[in-house]
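# Reading the structure
Listed below are the residues making up each chain.
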Amino acid sequence: MNIGEVADRTGVPAKTIRYYEEIGLVTPARSHNGYRAFSMRDVHKLDFLGRARALGFPIEDCRRLLALWSDESRTSAEVKGLARDHLDAIKAKIAALQEMRTTLTHLVGTCAGDDRPDCPIIETLSGCKDARL
């Protein structure tokens, strides 16, 4: 199967597939003319990577997940630990985003948004009352 067919089949863009090959996540065979020749195993790996990336797993976690997927002696505890760590990171990002939303909501609410130069948003970002440089 060529890269275009694999991209269509997996939903992973060809550019991303080339990147995954470059960093060693997939290693398709090469035909006599140098073109990539993807196997069904490569397609399954790319499907797996596409789903893992859609859940936000970083590349190195994807590498570990692929290794665990291939390791028949893996324990589900290893996989769960990796997923739990990722979930904790997502929760931390959500908390940070909620804090940003609260701060910005307050700043937008306190800014008059009129023709005057006084602006609590600029004052907060500059860290001083006189927001001019």
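Structure's up top.
Not measured: the values here are computed from a predicted model.

## Regarding the overall build of the chain
Check the secondary structure of the chain and you find 6 helices and 2 strands. Relative to the compact-globule value of 14 Å for 133 residues, the chain shows a C-alpha radius of gyration of 24 Å, a clear excess of over 25%. With respect to the three principal axes, the spread of C-alpha positions in the chain is 70 × 40 × 25 Å. Among the 133 residues that make up the chain, the fraction classed as buried is 23%. Here the contacts in the chain between residues at least 6 apart in sequence split such that 42% fall between residues at least 24 apart. Accessible surface, the chain: about 9,500 Å² in total, of which carbon and sulfur atoms supply 56%.

## Overview of the pattern of salt bridges
Summed over all chains, the structure comprises 5 salt bridges. Here arginine 63 makes a salt bridge to glutamate 60, at a shortest N to O gap of 3.2 Å. With a gap of 3 residues between them, arginine 63 and glutamate 60 both fall in helix 4 (residues 59-70), about one helical turn apart. Two residues, aspartate 118 and arginine 116, come together in a salt bridge whose shortest N-O distance is 3.6 Å. Ionic contacts of the salt-bridge type, sharing partners, join the residues Glu21, Arg30 and Arg36 into one network.

The rules behind each value
- Residue numbering note: each chain is counted from 1, following its sequence as written.
- For this predicted model, a pLDDT threshold of at least 70 governs which residues receive local features, and a threshold of 80 or more governs which side-chain atom pairs are given and counted, while totals over whole chains, interfaces and linings are taken from all residues.
- Side-chain figures throughout are based on the complete set of non-hydrogen atoms in the structure, without hydrogens or water.
- Numbering of helices and strands starts at the N terminus; helices are DSSP runs of H or I of at least 4 residues and strands are runs of E of at least 2.
- When we talk radius of gyration, it's over C-alpha atoms, and the globule rule is simply 2.2 Å times the number of residues to the 0.38.
- Working definition: with a 1.4 Å probe on protein chains only, accessible area under 20% of the residue-type maximum means buried, over 50% means exposed, and in between means partly exposed.
- Between two residues, a contact is recorded if the distance between any of their heavy atoms is within 4.5 Å.
- Here the Shrake-Rupley method, with its probe set to 1.4 Å, supplies the accessible areas, and only the displayed protein chains count as covering residues.
- Note on definitions: salt bridges are taken to be side-chain nitrogens of Lys or Arg within 4 Å of carboxyl oxygens of Asp or Glu.

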